[in-house]
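Coordinate analysis (summary)
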Amino acid sequence: MFKKILIANRGEIAVRVLRACHEMGIAAVVVYSDVDRASLHVRKADEAYPIGPAAASESYLNIQKILDVAARSGADAIHPGYGFLSENAKFAQACADAGVKFIGPTAAAMEAMGSKTRARQAMERTGVPFVPGTSRGLESFEQAAQVAEQIGYPVMLKAAAGGGGKGMRLVHAEADLKSALDAARSEAERSFGDSEVYIEKAILNPRHIEMQVLADEHGNTVYLGERECSLQRRHQKVMEEAPSPIVDAEMRRRMGEVAVRVAEAAHYTNAGTVEFLVDQERNFYFLEMNTRLQVEHPVTELITGLDLVHLQIRIAAGEKLPFGQEEVRIRGHAMECRIYAEDPDNNYFPSPGKITLLLTPSGPGIRRDSGVYEGWHVPIDYDPLLAKLIGYGTDRTQTISRLTRALNEYFVGGIKTNISLFRRILRDADFQAAELDTGFLDRMLKRSDAGEKGQDQNGDARAAEVAAIAAGMFAVLGASDSVSRNGAGGSTSGKSDTDSNWKAASRREALQ
Ligand code: MV4
């Protein structure tokens, strides 16, 4: 087993991975850019190495600098987290060449799944259902028009090297095809340096459902259930849940077996995710495979009782999967809120700055994977994800009520956050009825923009007043340090002062 793992990432995922290392008795080495000098992952690590200025290209994306730290620290393995170099085949190969184990798939497996057309070609050979269309880049407008005629409008043009909706164009009629093709090609070239564009039948208002897979290096591959990821804004996931409200045991088995076939076709090892589009009739189509641990992995961990990072590390160390498919059980329901430093009243623009007050939820069924602390300065240089708030319950209804309760305990002072967005989502009738598809959030935001502008940065007006009272009380009582900020310890009356102060504040406020 590894003695020391280098975590080539930052923020909440770096903290999450170093926690798994510490639970396994493995030393955690981290890297940090200048603006991350005081960040949480640096504070919790066993060793921390500076790797340069804030710009990711000069730090977290710099392969040579990261491998230099691996050599200097004597790390046996590297965990890439998600984003940054996590799906960079050159990095995976450079680790292998340097004799440092990359905790993830091989460079070859990444390559096989890195191009959407290469992935579709691989799927053609394995009978995996994918959206009707081409598996190679379009050679000409004439070919595009001919294929579009065959599969029928509306069609979707997509960048082969694409992801996240870049280089994608929905075309409803042939008259729009030429300009859309030109636009998709130029955006693909600009975004990925690769203008290859292919065409698919458009699935209107699809759901995005993804299947977690796990494969060891001895030929054993299992699926661990699906995640509903349809709540997206501008191709950025906002909230995820597991299991999907529309997937029953039989559909889960069929999707899981397809996902395993995809992984096996790519000779995949370690944790990966197979993405599907699901239409209104619950037909599912292979979309792409993500060759990394995903942001939303905690919802799968909660409904299966498995720790995916522990398992990643054990697989990378050459161990066999400690269970077979028949032992995988799904129990309960989990939902994840991605808490971003964004201003809901300013088009969700990033809201960097100092966190002056941090009141965090806990209690039954609440998990918080956080990369921040009170007093830390959220930098402008990276994705503004602060933390993930994950709720777990016996069923979807209990999970919604738990998460609602937890969000009402959450307060971040000094910067704007999107916490109020989750309160709106959880109380939305269509959400509660699980009427979800990839257009849900856009529709809800258009609806509620009319009615709910000007809410305070963490939620509705009342919460803002309660928070102001609490902040005032902390300002006065906090100095006598008899008030513990997150309800732990420091109490004088035998129970948490925070509770009594919060209750007193809200009772007083409610009486007015
Ligand atoms: C599609 C589609 C409809 N039909 N493909 C968006 C980014 C990339 N992951 C694929 N995406 C889509 N591909 C066909 N043939 C609709 C989308 C899509 C989408 C997919 C998943 C999650 C959110 C989405 C938001 C808009 C469009």
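Our subject is the structure that appears above.
Since the model is a prediction, treat every value here as computed from it, not as a measurement.

1. What about the sheet that holds strand E2 (residues 27-33)?
Strand order in the open sheet formed by five strands is E3-E2-E1-E4-E5, and the pairing between neighbours is parallel. If you trace the sheet from one side to the other, it starts and ends with strand E3 (47-52) and strand E5 (101-102), each paired once. Inspection of the sheet shows strand E4 (residues 77-79) paired to E5 by two bridges, in the parallel sense. Its bridge partner being in E5, Ile 78 is matched across the sheet by Phe 102.

2. Overview of the pattern of salt bridges
Using the criterion set out here, one finds 32 salt bridges in the structure. Linking Asp 182 and Lys 178 is a salt bridge whose minimum nitrogen-to-oxygen distance equals 3.1 Å. Placement of both Asp 182 and Lys 178 in helix H8 (residues 177-192) is noted, with a separation of four residues, approximately one turn of the helix. For Asp 182, a relative accessible area of 38% corresponds to the partly exposed category. Counted as one network, the salt bridges with shared partners bring together Glu 210, Arg 227, Lys 237, Glu 240, Glu 275, Glu 296 and Arg 338.

3. Re the packing of aromatic side chains
Per the counting criterion, the structure on display carries six aromatic pairs. Arranged with centres 5.6 Å apart and planes meeting at 80 degrees, the rings of Tyr 60 and Tyr 382 form a pair that is edge-to-face. Here Tyr 60 is found in the loop between E3 and helix H3 (63-73), whereas its partner Tyr 382 is found in the loop between strand E20 (377-378) and strand E21 (385-393), with 322 residues between them in sequence. Its relative accessible area of 9% is what places Tyr 382 among the buried residues. Judged by centre distance (6.4 Å) and plane angle (80 degrees), the ring pair of Phe 84 and Tyr 382 falls under edge-to-face. With Phe 84 in the loop between E4 and helix H4 (89-97) and Tyr 382 in the loop between E20 and E21, this pair connects stretches of sequence that are 298 residues apart. Classification of Phe 84 by relative accessible area gives partly exposed; the value is 28%. An aromatic cluster of at least three residues, connected via ring pairs, comprises Tyr 60, Phe 84 and Tyr 382. Between Arg 396 and the ring centre of Phe 431, over which it is positioned, the NZ or CZ distance is 4.5 Å.

4. As for the sheet that holds strand E9 (residues 207-215)
In spatial order, the strands read E13-E12-E9-E10-E11-E14-E21-E19; together these eight strands make up an open sheet with antiparallel pairing. On the outer flanks of this sheet lie strand E13 (284-290) and strand E19 (366-370), each paired with one strand and no other. Averaged over all pairs of adjacent strands, the angle between strand axes in this sheet comes to 25 degrees, irrespective of strand direction. Inspection of the sheet shows E9 paired to strand E12 (residues 270-278) by nine bridges, in the antiparallel sense.

5. Here's the deal with the site of the ligand
Contacts to the ligand come from 17 residues, most closely from Lys 158, Glu 200, Lys 201, Ile 203 and Gln 232. Contacts to the ligand include Lys 158, whose side-chain N or O atom sits 2.9 Å from a nitrogen atom. With respect to the ligand, the backbone of Lys 201 contributes an N or O atom lying 2.8 Å from a nitrogen atom. Taking 510 Å² as the accessible area of the ligand by itself, protein coverage stands at 89%. Among the secondary structure elements, those contributing two or more residues to the shell around the ligand are strand E6 (155-159), strand E8 (197-201) and E13. Grouping the amino acids of the shell around the ligand by side-chain chemistry returns eight nonpolar, five polar and four charged. Split by domain, the shell around the ligand shows at least three residues from each of two domains, domain 2 (132-201) and domain 3 (207-447).

6. Structural notes on the nonpolar core
If you look at the biggest cluster of nonpolar residues, it comprises 60 residues, and the most contacted ones within it are Ile 5, Leu 6, Ile 7, Ile 78, Phe 91, Leu 214 and Ile 313. Shared between two domains, this core holds at least three residues of each, these being domain 1 (4-103) and domain 3 (207-447). The contact partners of Phe 91, leaving out residues within four places of it in the chain, are Ala 8, Ile 63, Ile 66, Ile 78, Pro 80, Leu 85 and Phe 102.

7. Side note on the pairing of E8
Of all five residues making up E8, four are buried, and the element is well covered by its neighbours. By the bridge criterion, five bridges tie E6 to E8 in an arrangement that is antiparallel. Within E8, the residue paired with Val 155 across the bridge is Lys 201.

8. Focus: the pairing of E21
Here E21 lies mainly inside the structure; eight of its nine residues are buried. Across eight bridges, strand E14 (residues 333-340) lies against E21 in antiparallel orientation. Within the sheet, the bridge partner assigned to Arg 338 lies in E21 and is Lys 388. In this structure, E19 lies alongside E21, joined through five bridges in antiparallel fashion. Among the inter-strand pairings, Arg 368 is bridged to a residue of E21, identified as Leu 389.

9. Focus on the packing of helix H1 (residues 11-23) against helix H11 (residues 308-316)
Look at H1 against H11: their axes get within 9 Å of each other, and the N-to-C directions meet at 65 degrees. One way to sum up the angle between H1 and H11 is to call them roughly perpendicular. Considering only the axes of H1 and H11, their crossing is right-handed. Note on element contacts: H11 touches H1 through Leu 308, Val 309, His 310 and Ile 313, opposite Arg 16, Val 17, Ala 20, Cys 21 and Glu 23. Residue composition of the contact of H1 with H11, by class: six nonpolar, one polar and two charged.

Definitions and cut-offs
Residues numbered from 1 in each chain as written. Predicted model: local features only at pLDDT ≥ 70, side-chain atom pairs only at ≥ 80, totals over all residues. Heavy atoms only, no water. Pairing = 2+ DSSP bridges. Helix = DSSP H or I, 4+ residues; strand = E, 2+ residues; numbered from the N terminus. Salt bridge = Lys/Arg side-chain N within 4 Å of Asp/Glu carboxyl O. Buried < 20%, exposed > 50% of the residue type's maximum accessible area, 1.4 Å probe, protein only. Phe/Tyr/Trp six-rings, centres within 6.5 Å; stacked < 30°, edge-to-face > 60°. Lys NZ or Arg CZ within 6 Å of the ring centre and 35° of its normal. Axes fitted to C-alpha atoms, helices over the stretch in contact; angles between N-to-C directions. Near = heavy atom within 4 Å. Polar contact = N/O pair within 3.5 Å; in protein donor to acceptor, adjacent residues only side chain to side chain. Areas by Shrake-Rupley, 256 points an atom, 1.4 Å probe, with all protein chains shown as cover. Nonpolar A, V, L, I, M, F, W, Y, C, P; charged D, E, K, R; others polar. Domains from an automatic or database assignment. Core = buried A, V, L, I, M, F, W, Y, C linked by side-chain atoms within 4.5 Å. Contact = heavy atoms within 4.5 Å. Parallel < 35°, antiparallel > 145°, perpendicular 65-115°, else oblique. Left-handed = near helix turned anticlockwise from the far one by under 90°.

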